[in-house]
Amino acid sequence: MTLGLAGKKASCVAVWLSMALLPRKKKRKDPGLPGASHSRAGDGPLTVAKFSEVGIFLVERKMGSSRRSFLTQLARKKGFRVEERMSESVTHVVSENNSGDEVLELLDKQSGICRAALVDITWFTESMGAGKPLEVENRHRLQEALKILAENAQLCENEGRYLAFTRASSILKSLPYCVTKMDDLQGIPSLGEHCKRVIKDILEGGICREVEELIQNERYQTLKRFTSIFGVGVKTADKWYREGLRTLHELRASKILLTKEQEAGLLYYEDLIVPVTRTEADSITKIVEGAVHRFLPAAVIKLTGGFRRGKEYGHDVDFLITHQEEGKEQGLLYQVINWMAAQGMILYDDITDNKDQKWKNKEPEIFDSFAKCFLIFKLQKDVVNVLRPNTAGDDDSLAANKAKEIGRGGHAETCERATCAAVKVKDWKAVRVDLVVAPFSQYAYALLGWTGSQLFERDLRRYAKHFKHMSLSSHSLFDNEQVGRN
Ligand code: CTP
Ligand code: MN
Ligand code: MN
């Protein structure tokens, strides 16, 4: 698989703020509901905040207004109090992709600052996942710093460094305790000098200069932006950067020839960078099940990827499909995609047939050769959302016009019709979906391989090879010594 960063968001290093400019006021409580406060979730009804002691302020800069309002609604639904403005009652300032200094500067311009923890988006998503506000731990700061360094190594195509930083970050994530001093790291394998230096800086001073500088680095920022477009890898992003392009606006205005995939990626960019929620994944699961069962009623459809690992959000939704009677699954993918396209559910698709030559010579431990489809799914929003006024009307008509040129035949018309009917209301969201079809005899390996995470799969295969002398892929597991003897 590619090392694309599509849809994945890294965030800034958090610094613990103790801006005791003003003494903290006692929180006002609703007399009718002890311990609870009210806030308005978007245009929705008045909701009760379960965790009134925690007040979240989301920094819009670099996060963008649509993502900010999405996260605001999400948090409020989960019982968190989210404040529109910085105030004394804010306890957690959440920002994404800003350096600590930048956030400080922004906050300085806001009035009524008291004591607040400056945290990155990881604290937010983990708290949403846990359904309660988590303690602000060093681990968020440390993991994030290492992730940023990993990402940068990836953007520099330095795989060794990418792996080292990614491993270090995931080791810290899995520790059953919180690292507060360097001694806590004793005995932990695969932590190199560089990682230790970063950790030390953060433990001692709250920030790591190297990471802070990186976040400000123009190449890092630009490549990160470009690789977050579906269909754009590091090489392409780097080429555009070297040609002088910096923003999506410039890219859109340029004469650069884009692939169909990249055109679709740009067209649905705003939707695709918004994380997919579990609820959305569940809705798509039902739709995919319905579509597959039309053609093969006994087919098995399994939600894989991050959602199978229990994640609350993903950059896409992954499915593995099989049928107990081997052979029945053949041709299924085309039937399903064609049917879904006819229903207007597909904005873009790229089917890879297992007979495709392009997969034949690839390393089976890295690239599997199952029939698969990478698609952009058109997910209809629920009735409540449909009634909400549209904020992305321009996007919608742009999408309709562009869709005539890309995607599949027949679909452009559907999209156009949808736009005519909904000039003011965008009642759908573009969501990345991966469909993979495996023969039943390889299903177990495919399920393991497509559950991820990417690092886990990689390390599992490495372990099989070096410690067990076995070869593991999404197709099979076999003993290299046995094969040698035959
Ligand atoms: N995978 C693969 N071959 C590909 C793409 C993905 O084998 N061409 C496997 C990888 O093992 C990966 C898993 O499928 O871990 C899921 O991939 P992906 O959707 O990229 O990552 P997730 O872990 O699901 O993360 P996210 O929630 O952000 O989607
Ligand atoms: Mn996924
Ligand atoms: Mn995927």
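Residues numbered from 1 in each chain as written. Chains lettered and ligands numbered in written order. Predicted model: local features only at pLDDT ≥ 70, side-chain atom pairs only at ≥ 80, totals over all residues. Heavy atoms only, no water.

Caption draft 1: Just the packing of helix α8 (residues 218-227) against helix α9 (residues 234-242), in detail. Viewed as axis vectors pointing N to C, α8 and α9 meet at an angle of 125°, and their least axial separation amounts to 9 Å. It follows that α8 is oblique to α9 by the angle criterion. Here the hand of the crossing between α8 and α9 comes out right-handed. Counted together, E218, R219, T222, L223, F226 and T227 of α8 and V234, A237, D238, W240 and Y241 of α9 form the full contact between these two elements. (Axes fitted to C-alpha atoms, helices over the stretch in contact; angles between N-to-C directions. Helix = DSSP H or I, 4+ residues; strand = E, 2+ residues; numbered from the N terminus. Parallel < 35°, antiparallel > 145°, perpendicular 65-115°, else oblique. Left-handed = near helix turned anticlockwise from the far one by under 90°. Contact = heavy atoms within 4.5 Å.)

Caption draft 2: Expanded view of the confidence of the model for the protein chain. Overall, the predicted model of the protein chain reaches an average pLDDT of 82, with 77% of residues at or above 70. Low pLDDT, under 50, characterises residues 383-398; the stretch is placed with 22 contacts to residues that sit more than four places away or in other chains. Low pLDDT, under 50, characterises residues 409-419; the predicted model gives this stretch 17 contacts beyond four residues in sequence or across chains. (pLDDT = per-residue confidence, 0-100.)

Caption draft 3: Examining the site of ligand 1 more closely. The local shell around ligand 1 holds 16 residues, among which G306, R309, H315, D316 and G449 are the closest. One of the backbone nitrogen or oxygen atoms of G306 is found 2.8 Å away from an oxygen atom of ligand 1. Here an oxygen atom of ligand 1 sits 2.8 Å away from a polar atom, N or O, in the main chain of G449. Only α14 (305-308), α19 (443-451) and α20 (454-468) provide two or more residues apiece to the shell around ligand 1. (Near = heavy atom within 4 Å. Polar contact = N/O pair within 3.5 Å; in protein donor to acceptor, adjacent residues only side chain to side chain.)

Caption draft 4: Quick look at the pairing of strand β11 (residues 346-352). Of all seven residues in β11, five are buried; the element is thus mostly enclosed. Here six bridges tie β11 to strand β12 (residues 371-380), and the two strands are oriented antiparallel to one another. Bridged to I346 within β12 is F377. (Buried < 20%, exposed > 50% of the residue type's maximum accessible area, 1.4 Å probe, protein only. Pairing = 2+ DSSP bridges.)

Caption draft 5: Structural detail: the coordination of the manganese ion (ligand 3). Protein-derived ligands of the manganese ion (ligand 3) are D316 (OD), D318 (OD) and D434 (OD), with the metal-ligand distances lying across 2.0 to 2.2 Å. Within one chain, the residues serving as donors to the manganese ion (ligand 3) are arranged as D-x1-D-x115-D. Separating the manganese ion (ligand 3) and the manganese ion (ligand 2) is a distance of 3.6 Å, and D316 donates to both of them. On the basis of relative accessibility, which here comes to 6%, the residue D316 falls in the buried class. D318 gets classed as buried once you look at its relative accessible area, which sits at 8%. (Donors = N, O, S within 2.8 Å, 3.2 Å for Na, K, Ca; no water.)

Caption draft 6: Expanded view of the sheet that holds strand β8 (residues 300-303). Ordered in space as β8-β10-β13-β12-β11, the five strands form an open sheet in which the pairing is mixed. The sheet terminates laterally at β8 and β11, the two strands that pair on one side only. Within the sheet, the average angular offset between the axes of one strand and its neighbour, ignoring direction, is 25°. Sheet strands touched by helix α13 (residues 278-295): β8, β10 (317-322), β12 and β13 (428-437). Its angle to β10, the strand with the most contacts, is close to 25°. Packing against the sheet, α19 makes contact with β8, β10, β12 and β13, and its axis sits at approximately 175° to β10.

Caption draft 7: Examining the packing of aromatic side chains more closely. Tallying each qualifying case throughout the model produces six aromatic pairs. Note on F51 and F80: the rings are 5.0 Å apart at their centroids and 50° apart in plane angle, and the pair reads as tilted. Remark: F80 occurs in strand β4 (residues 80-83) and F51 occurs in strand β3 (residues 51-58); sequence separation between them is 29 residues. This pair shows no difference in class: F51 is buried, exactly as F80 is. Seen from their ring centres, Y463 and F467 are 5.4 Å apart, and the 25° between their planes marks the pair as stacked. Of this pair, Y463 and F467 both sit in helix α20, four residues apart, which is roughly one turn of that helix. Residue classification places Y463 among the partly exposed positions, given a relative accessible area of 42%. (Phe/Tyr/Trp six-rings, centres within 6.5 Å; stacked < 30°, edge-to-face > 60°.)

Caption draft 8: Expanded view of the nonpolar core. Ranked by size, the top nonpolar core spans 44 residues in total, and within it L146, L172, I199, F226 and I229 carry the most contacts. Elements that contribute at least two residues to this core include exactly α4 (138-155), α5 (159-174), α6 (193-205), α7 (209-216), α8, α9 and α10 (248-253). Considering each element in turn, this core owes the most residues, eight residues, to α4. Inspection of this core shows a minimum of three residues originating in each of domain 2 (140-215) and domain 3 (222-257). Counting 32 residues, the second largest nonpolar core, distinct from the first, contains L303, A341, I346 and V431. (Core = buried A, V, L, I, M, F, W, Y, C linked by side-chain atoms within 4.5 Å. Domains from an automatic or database assignment.)

Caption draft 9: Summary view of the side chain of T451. If you trace the backbone, T451 turns up in helix α19. A polar contact is formed between the side chain of T451 and the backbone oxygen of L447, at a distance of 2.5 Å. Setting aside its immediate chain neighbours within four residues, T451 contacts G305, G306, R308, R309 and E457.

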